[in-house]
Amino acid sequence: MTIRTTDAGAAADSAAGSDSAAEVELAVGGMTCASCAARIEKKLNRMDGVTATVNYATEKARVRYTSEVTVPDLIATVEATGYTAREPEPERAEPATTSVSASASPDGAAGADDALMPLRQRLTTAVVLAVPVIAMAMVPALQFEYWQWLSLTLAAPVVTYAAWPFHRAALTNARHGAATMDTLISLGTSAAFLWSLWALFFGTAGTPGMTHPFELTIARTDGAGNIYLEAAAGVTAFILAGRYFEARSKRKAGAALRALLELGAKDVTMLRPDGGERTVPVGELRVGDRFLVRPGEKIATDGTVAEGSSAVDASMLTGESVPVEVAEGDAVTGATVNAGGRLVVEATRVGADTQLARMAKLVEDAQNGKAAAQRLADRISGVFVPVVIALALGTLGFWLGNGAGLTAAFTAAVAVLIIACPCALGLATPTALLVGTGRGAQLGILIKGPEVLESTRRVDTVVLDKTGTVTTGRMTLLAVHTTEGVPEADVLRLAGAVEHASEHPIARAVADGALEKLGALPTPEDFAGVPGLGVQGVVDGHAVLVGRERLLDDWAIRLPAELERAKAQAEAAGRTAVAVAWDGAARAVLEVADAVKETSAEAIARLRGLGLRPILLTGDNRAVAESVAREVGVAAGDVYAEVLPQDKVDVVKRLQEEGRSVAMVGDGVNDAAALAQADLGLAMGTGTDAAIEAGDLTLVRGDLRAAADAIRLARRTLGTIRSNLFWAFAYNVAALPLAAAGLLNPMIAGAAMAFSSVFVVGNSLRLRSFRAAS
């Protein structure tokens, strides 16, 4: 294997520029702190053509490598660094497991329990034995004649058996010429224990009836009569407790991803060519297969309704509370629930291609990434340990040189070793990302990576594509204007009947609107389409014309004044006016348009509340654009109309050149480039794959309000990361001088260090309470 001498940045360029680059995710074992992750990452990045990111919280290494490097080479490098690594498990067919690693599988909870068992056993041993040792050291009344020897008997298993993971990791790292936070813990507890052994067997501490008060201040003595068994045992117990709760919290933080994966159906009822049925595991489904979904069952995979109609509950997947009506030809998503009638679905996507599997992959990719703040923390952790060891030695030398006595100097040095462990730095970003992205997935918000969080903080302008984002993206019947004495129901019945036979989008809007209000339509006795003008036919004995005014002109039919006014007003508002006539007279004008979503105005108000300036972008004419803008609350000066698809990128660039940080919300193929160009791209999950891939955030629901929720969640997650890092840094900065000054007992230092890690994890878990605005 070739070891390169250039920097990691060059490796990144090399890997990125290679056509044969591949990517693998390795499960890394043996990491105990952020320094471990930094060491592995550094070693991997020194390999030719390799770019690696190692995440301590998820215990995974995401590695991009060229054809000159193999996966066994990567594993060998990790193992040579003193850790374990294993290849990814072979892909399986189930949608829930194909796209994600085994560690995130639905069985992960059981696996986590097994992994926690040894740690739980060591913690139990440490707590049971350390409590009496600490009590005797802190309460002079409990110090009977031979109490110190009982303390030694109880503390020995704690410092050896319970603390063995720290010692083992320290030895492994020492063999590789490295020092990690485990080195600090091992040195500190071993030094305290060995000092106590010396004082008991060769000093005066073993004298029957010896007592020693519990003090936090420096006492100038020769140390021959002092023991630190309570520090050795107490620090071990406190740190093990911190590691245990940290491990449990990381498992809870990944629960959202496991819950997401478990949404999928396990079995499916397939239809045989002879009309029979058979139940098979969902992994056996192939594209084109037809399967049956009974009321109350989960839809096995993404597909199209081939037979039947029903209401589909997608709340578990998208957060949308209202069931969606589906009928023949409509697309349905795997893991949603059939709430109504019997459906026959033809599979269009299986395995890793399904929306559920892609959601899980996006979530896991985001959790494995690192924000800029965390990369800084990793670099600090990588050099922090050697600096702390030097500081501990300096503290020892300083107090000895100032005549404070060996005990005082030793106490201060051990406290420095223990208090300095920067576990909290390594957990600050990963735990917040785990919880934040997991919570987002539950709410139908997919955050692609930690870099997105930095972008959400800066954005001040949000560009909204109109069609499919602010509006429904389909033509809808909005209004019916009739002449005096003509019932609206008659207009809808006759116009809807002839339009129902046409496939034109405007015709579909009229027919669907009529069906929605009337429930059923008559069948035309005669029908003909007039290209570019409309349709004509005979319904219930009436000769019906529906279309442009020119169609009526061809039959010498004129619109009366009231319908002329209605037509002019509709066109001024950017809507399409459809004329209806029968039996030689104009009877009505219908207004058809791409309707604004009911939630768009509220969503834009929320975006304004977040300090964003909304801008409407559309290829439609200005009248349509300004009408929509008025309806949703966008200022007329912030409307960009008649913009060609290829020019959307230019609009975003122009805004950026004006000094704005731009977020773009879109759903179509023609939005993909603009989404990629924007500082923050938000893709509607109801849109195209190209838009979703180009976006930084994916909104699974087609509800624009989710954009405001996504930005709120991303900002909240970034704020949590920053507060975590602040407290982790502040803790070390404040505590190290106190420890070096001899003002912290090593046991108190250990408790404080463990608490800092638990605090960071607990602060991250608060993100689980994030709620979408109601």
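Thresholds, definitions, all that
- Residues numbered from 1 in each chain as written.
- Predicted model: local features only at pLDDT ≥ 70, side-chain atom pairs only at ≥ 80, totals over all residues.
- Heavy atoms only, no water.
- Helix = DSSP H or I, 4+ residues; strand = E, 2+ residues; numbered from the N terminus.
- Buried < 20%, exposed > 50% of the residue type's maximum accessible area, 1.4 Å probe, protein only.
- Contact = heavy atoms within 4.5 Å.
- Areas by Shrake-Rupley, 256 points an atom, 1.4 Å probe, with all protein chains shown as cover.
- Phe/Tyr/Trp six-rings, centres within 6.5 Å; stacked < 30°, edge-to-face > 60°.
- Pairing = 2+ DSSP bridges.
- Axes fitted to C-alpha atoms, helices over the stretch in contact; angles between N-to-C directions.
- Salt bridge = Lys/Arg side-chain N within 4 Å of Asp/Glu carboxyl O.
- Expected span 1.5 Å × (residues − 1).
- Arc of directions from axis to C-beta.
- Core = buried A, V, L, I, M, F, W, Y, C linked by side-chain atoms within 4.5 Å.
- Patch = residues over 30% accessible without salt bridge, like charges linked within 9 Å, V, L, I, M, F, W, Y side chains within 5 Å.
- Parallel < 35°, antiparallel > 145°, perpendicular 65-115°, else oblique.
- Left-handed = near helix turned anticlockwise from the far one by under 90°.
- Nonpolar A, V, L, I, M, F, W, Y, C, P; charged D, E, K, R; others polar.
- pLDDT = per-residue confidence, 0-100.

Chemist: Provide a residue-level description of the overall build of the protein chain, including the pertinent values.
Modeler: Assigned secondary structure in the protein chain consists of 28 helices and 26 strands. Expressed as a percentage of the 774 residues in the protein chain, the buried residues total 54%. Long-range pairs, those at least 24 residues apart, make up 70% of the contacts in the protein chain with a sequence separation of at least 6. Surface exposure of the protein chain reaches about 31,600 Å², of which carbon and sulfur atoms provide 56%.

Chemist: Account for the packing of aromatic side chains, naming residues and giving values.
Modeler: With the rule as written, the count across this model stands at four aromatic pairs. By way of ring pairs, the aromatic residues F726, W727 and F759 are connected into one cluster.

Chemist: Requested: an account of the sheet that holds strand β4 (residues 84–86), with residues and values cited.
Modeler: Read across the open sheet, the four strands follow the order β2-β3-β1-β4; overall the sheet is antiparallel. One side of each edge strand has no neighbouring strand; the edge strands of this open sheet are β2 (50–55) and β4. When the angles between neighbouring strand axes are averaged without regard to direction, this sheet yields 25°. Here β2 pairs with strand β3 (residues 60–65) via six bridges, running antiparallel.

Chemist: Can you lay out the pairing of strand β24 (residues 662–666) for me, pointing to particular residues and giving the numbers?
Modeler: By the criterion of burial, β24 is predominantly enclosed, with five of the five residues buried. By the alternation rule, side chains of β24 split into V662, M664 and G666 and A663 and V665, which are all buried. The pairing of strand β15 (residues 461–465) with β24 spans four bridges and is classified as parallel. What sits directly across from L464, in β24, is V665. Two elements, β24 and strand β25 (residues 680–684), share four bridges in a ladder whose sense is parallel. The residue of β25 that forms the bridge with M664 is G681.

Chemist: Could you give me a rundown of the pattern of salt bridges, with the residues and numbers involved?
Modeler: Across all of its chains, the model carries 22 salt bridges by this definition. Notably, a salt bridge pairs E549 with K567, separated by 3.4 Å at the nearest N-O pair. Placement of E549 in helix α20 (residues 549–554) and of K567 in helix α21 (residues 561–572) is noted, with a sequence separation of 18 residues between them. Given a relative accessible area of 23%, E549 falls into the partly exposed group. Given a relative accessible area of 16%, K567 falls into the buried group. The shortest N-O distance in the salt bridge between E602 and R705 comes to 3.4 Å.

Chemist: So, α21: which residues are in play, and what are the values?
Modeler: Between its first and last C-alpha, α21 extends 16 Å over 12 residues, near the 16 Å set by a 1.5 Å rise per residue. Listed in full, the buried residues belonging to α21 are L563, A566, K567 and A570. Seen from one end, α21 has its buried residues packed into an arc of 100°, which puts them on one side. Pointing more than 90 degrees away from the buried face of α21 are the exposed residues R565, Q569 and A572. Buried-residue contacts for α21 involve β16 (471–482), α20, β20 (576–582) and β21 (585–596). Positioned one or two residues after α21, G574 has a phi angle of 85°, which is positive.

Chemist: Please give an account of the sheet that holds β15 that cites residues and values.
Modeler: If you walk across this open sheet you meet the seven strands as β14-β26-β25-β24-β15-β22-β23, and the pairing is mixed. Both outer strands of the open sheet, β14 (445–447) and β23 (639–640), are each paired with one neighbouring strand and no more.

Chemist: Go over helix α27 (residues 705–740), please, and point to the residues and values.
Modeler: Spanning 36 residues, α27 covers 53 Å between terminal C-alpha atoms, matching the ideal 52 Å at 1.5 Å per step. Looking one or two residues past α27, G742 carries a phi angle of roughly 80°, positive in sign.

Chemist: An account of the nonpolar core is needed here, citing residue identities and associated values.
Modeler: Of all hydrophobic cores here, the largest spans 49 residues; its most connected members are L464, L616, L680, L682, L697 and L704. Broken down by element, the residue count for this core peaks at 10 residues, all from α27. What L680 contacts, discounting residues up to four positions off in sequence, is V452, S455, T456, V459, V662, A663, M664, D696, L697 and I711.

Chemist: Requested: an account of a nonpolar patch on the surface, with residues and values cited.
Modeler: Nonpolar side chains collect at one region of the surface, where F726, W727, F755 and F759 lie side by side and expose about 470 Å² of accessible area between them. Along the chain, F759 turns up in helix α28 (residues 746–765). Classification of F759 as partly exposed rests on a relative accessible area of 33%.

Chemist: Outline the packing of helix α18 (residues 488–499) against helix α19 (residues 505–518), listing residues and values.
Modeler: When two helices pack together, their arrangement is given by the angle between the helix axes and by the axis-to-axis distance. The N-to-C vectors of α18 and α19 enclose an angle of 130°; their axes lie 8 Å apart at closest approach. As far as their axial angle goes, α19 and α18 are oblique. When the axes of α18 and α19 are compared, the crossing they make is left-handed. Judged by residue contacts, E488, A489, L492, R493, A495, G496 and E499 of α18 engage A507, R508, V510, A511, A514, K517 and L518 from α19.

Chemist: An account of the packing of helix α6 (residues 147–162) against helix α7 (residues 164–175) is requested, with residue identities and associated values reported.
Modeler: In contact at an axis separation of 5 Å, α6 and α7 are set at 45° when each is read in the N-to-C sense. With respect to their mutual orientation, α6 and α7 come out oblique. Along the contact surface, α6 presents V159, T160, Y161 and A162, while α7 presents W164, P165 and H167. Looking at the contact of α6 with α7 residue by residue, the classes come out as five nonpolar, two polar and no charged.

Chemist: For the environment of V624, give the residues involved together with the corresponding values.
Modeler: Assignment of secondary structure puts V624 in helix α23 (residues 622–632). Look at V624 and you get buried, because its relative accessible area is 11%. Residues V624 and D594, spaced 30 residues apart in sequence, show a C-alpha to C-alpha distance of 9.4 Å. Sequence-distant contacts of V624, defined by excluding residues within four places in its chain, comprise K466, A573 and G574.

Chemist: So what's going on with the confidence of the model for the protein chain? Which residues, and what values?
Modeler: Looking at the protein chain as a whole, its pLDDT mean stands at 78, while 78% of the residues score no less than 70. Looking at the elements of the protein chain, mean pLDDT is at its lowest for helix α4 (residues 95–98), recorded as 36, and at its highest for α6, recorded as 94. Contacts for the low-pLDDT stretch residues 318–322, under 50 throughout, to residues beyond four places or in other chains number 11 contacts.

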